Amino acid sequence: MRILIAILSGAALACSAALTAAAHPARPAEPSSAAGFGWPLAPPPAVARPFEAPGSVFGPGHRGVDLVGEAGQPVLAAADGVVVHAGWLVDRAVVSVEHSGGLRTSHELVAPAVAAGDRVARGQVIGHLEPGHPGCAARACLHWGLREGERYRDPLELVAPSRVRLLPW
């Protein structure tokens, strides 16, 4: 009889633990690619124009976000990495940083304070914001982009809290 009571007690405890876990599921971990990232402008800026994923490789879209800033404001490395480009790209000044996990951030209209090959740390000044970004006539805007390989992603994923989503049971 004692064995039967022990078995039933153990089963009841296991069921109670399972119900508690189901009622209070653990928060999913942040993707490893987003760990250690911060805003490229301080304080965290307003978003003037959000990310719009292109429908195809050469399709229309907005491959980054435009962040409201002030001309001359320091632009910061969002995470540790290596500068892969710092200078003119076609008709604009750009700084691009390669981060671990295959992520690359780009920063447009930025007068570089770094050079290609430089190692940078999160929060380090990589340049200064310049005016003239289309759609930001009254102020300066930083166009902040994010790529993972050849795929464009929304850079706000790196700094904004994750979206809540219900899991199917």
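Residues numbered from 1 in each chain as written. Predicted model: local features only at pLDDT ≥ 70, side-chain atom pairs only at ≥ 80, totals over all residues. Heavy atoms only, no water.

The protein is annotated in an unreviewed UniProt entry as M23 family metallopeptidase of Saccharopolyspora karakumensis.

A.B. asks: Could you clarify how one ought to interpret the confidence of the model for the protein in this entry?
C.D. replies: Low pLDDT marks stretches whose predicted atomic positions should not be read closely. Per-residue confidence for the protein averages 78 on the pLDDT scale, and 71% of its residues sit at or above 70. Low pLDDT, under 50, characterises residues 1–33; the predicted model gives this stretch seven contacts beyond four residues in sequence or across chains. (pLDDT = per-residue confidence, 0-100. Contact = heavy atoms within 4.5 Å.)

A.B. asks: Just checking my understanding: could you explain the nonpolar core for this structure?
C.D. replies: Generally speaking, a soluble globular protein has its nonpolar side chains buried in company with each other. Of all hydrophobic cores here, the largest spans 25 residues; its most connected members are Val75, Val95, Val120, Ile126, Leu142, Trp144 and Leu158. Elements that contribute at least two residues to this core include exactly β2 (65–69), β5 (92–99), β9 (125–129) and β10 (140–148). In terms of residue count, β10 provides more of this core than any other element does, four residues in total. Each residue touching leucine 142, except ones within four places of it in the same chain, is listed here: Pro40, Leu41, Val65, Asp66, Leu67, Val75, His107, Glu108, Val110 and Leu129. (Core = buried A, V, L, I, M, F, W, Y, C linked by side-chain atoms within 4.5 Å. Buried < 20%, exposed > 50% of the residue type's maximum accessible area, 1.4 Å probe, protein only. Helix = DSSP H or I, 4+ residues; strand = E, 2+ residues; numbered from the N terminus.)

A.B. asks: I tried to follow unusual backbone geometry on my own but got confused; where do I start?
C.D. replies: Excluding glycine, most residues fall at negative phi; most peptide bonds, likewise, are trans. For the bond from alanine 42 to proline 43, the omega torsion is -5°, close enough to zero to count as cis. Topologically, proline 43 is positioned in the loop between α1 (2–23) and β1 (47–49). One non-glycine residue, valine 90, lies in the positive phi region at around 60°. By the secondary structure assignment, valine 90 is in the loop between β4 (81–89) and β5.

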